[in-house]
Amino acid sequence: MTVVTINAVGFCAHYSQPGDWAFDFALKLSRRRPAPLHVFHFLSDPYDPEDDSAERMSDAERAKEAIRREKELRLYYDERAGDYLKVGFRLCEDREWTELHRCLVIREFQVLVLGYVGPSATFAGRPIEEFAHSFVSPVILVGPDRADQLRLNSRAALIADKLGIPEGSWSLIEHQSTSG
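First, a word on scope: everything that follows refers to the structure included in this document. (Residues numbered from 1 in each chain as written. Predicted model: local features only at pLDDT ≥ 70, side-chain atom pairs only at ≥ 80, totals over all residues. Heavy atoms only, no water.)

## A look at the overall build of the protein chain
Turning to step 1, where the next piece is worked out: Counting its regular elements, the protein chain contains five helices and nine strands.
Turning to step 2, where the next piece is worked out: Starting at the N terminus, the α and β elements of the protein chain follow one another as β-α-β-α-β-α-β-β-β-α-β-β-α-β.
Turning to step 3, where the next piece is worked out: What you see for the protein chain is a C-alpha radius of gyration of 16 Å, in line with the 16 Å of a compact globule of 180 residues.
Turning to step 4, where the next piece is worked out: In terms of its C-alpha atoms, the protein chain occupies a principal-axis envelope of roughly 50 × 50 × 30 Å.
Turning to step 5, where the next piece is worked out: Summed over all atoms, the accessible surface of the protein chain reaches about 9,300 Å², with 52% contributed by carbon and sulfur. (Helix = DSSP H or I, 4+ residues; strand = E, 2+ residues; numbered from the N terminus. Rg over C-alpha atoms; globule rule 2.2 N^0.38 Å. Areas by Shrake-Rupley, 256 points an atom, 1.4 Å probe, with all protein chains shown as cover.)

## Some words on the pattern of salt bridges
Turning to step 1, where the next piece is worked out: Evaluated as defined, the whole model comprises eleven salt bridges.
Turning to step 2, where the next piece is worked out: E65 serves as the salt-bridge partner of R68, at 2.7 Å between the closest nitrogen and oxygen. Taken together, the residues R68 and E65, both in helix α2 (residues 59–81) and three residues apart, mark about one turn of the helix.
Turning to step 3, where the next piece is worked out: In this structure, the salt-bridge partner of E70 is R74, at a minimum N-O distance of 3.0 Å. Remark: R74 and E70 occur in helix α2; sequence separation between them is four residues, near one turn of the helix. (Salt bridge = Lys/Arg side-chain N within 4 Å of Asp/Glu carboxyl O.)

## Brief notes about helix α1 (residues 17–32)
Turning to step 1, where the next piece is worked out: The end-to-end C-alpha separation of α1 is 23 Å, in line with the 22 Å expected for 16 residues at 1.5 Å each.
Turning to step 2, where the next piece is worked out: Of all the residues in α1, the buried ones are P18, G19, D20, W21, A22, F23, F25, A26, L27, L29 and S30.
Turning to step 3, where the next piece is worked out: Capping of α1 at its N-terminal end is provided by S16; its side-chain oxygen lies 3.0 Å from the backbone amide nitrogen of G19. (Expected span 1.5 Å × (residues − 1). Buried < 20%, exposed > 50% of the residue type's maximum accessible area, 1.4 Å probe, protein only. Polar contact = N/O pair within 3.5 Å; in protein donor to acceptor, adjacent residues only side chain to side chain.)

## Things to note about unusual backbone geometry
Turning to step 1, where the next piece is worked out: Cis peptide bonds are those with omega within 30 degrees of zero, and the linkage from R33 to P34 qualifies with -25°.
Turning to step 2, where the next piece is worked out: By the secondary structure assignment, P34 is in the loop between α1 and β2 (37–42).
Turning to step 3, where the next piece is worked out: The residue after G143, namely P144, is reached through a cis peptide bond having omega 15°.
Turning to step 4, where the next piece is worked out: By secondary structure assignment, the location of P144 is in the loop between β7 (139–142) and β8 (150–152).
Turning to step 5, where the next piece is worked out: In the Ramachandran plot, A124 falls in the positive-phi region, its phi being about 55° despite a non-glycine side chain.
Turning to step 6, where the next piece is worked out: For A124, the position within the fold is in the loop between β5 (122–123) and β6 (126–127).
Turning to step 7, where the next piece is worked out: On the accessibility criterion, A124 (17% relative accessible area) is buried.

Following this line, the structure appears as structure tokens:
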């Protein structure tokens, strides 16, 4: 059996209560290791399948918006990170699935944490549970009602103890068939 080493944690920014809980969880996990926490943010909101605003921008508008968003991202999460200095920020312009896989391949993270805003939420154009279930690395969804609500994909469930997540404190993301 392959043993997973967690050298870095990934988190996709979402300005919401579940997003804040997910950041806090990712930060706690990073501090415990200690490992870098990589905060990813996308020009097009991965939680909103209708957001194509970045695709409609000119190159100049996109560059200006990227600078504004990165500043906003750093200000928001630097404050939440407090004295933990191993936090990096990445504003991604590519589509979520492609960008996150690229980051995984180059070992920017081994576990991904996402805010779970509810059962009807989407991420990267798919139901968030489907995204988490099929993603190739461990994924933890935090929320939607409390900071201690954790949903793990099967890869995260295999290493829950290594992640410091006690048995019985999380639920498994089951594969949902969309055919009927």
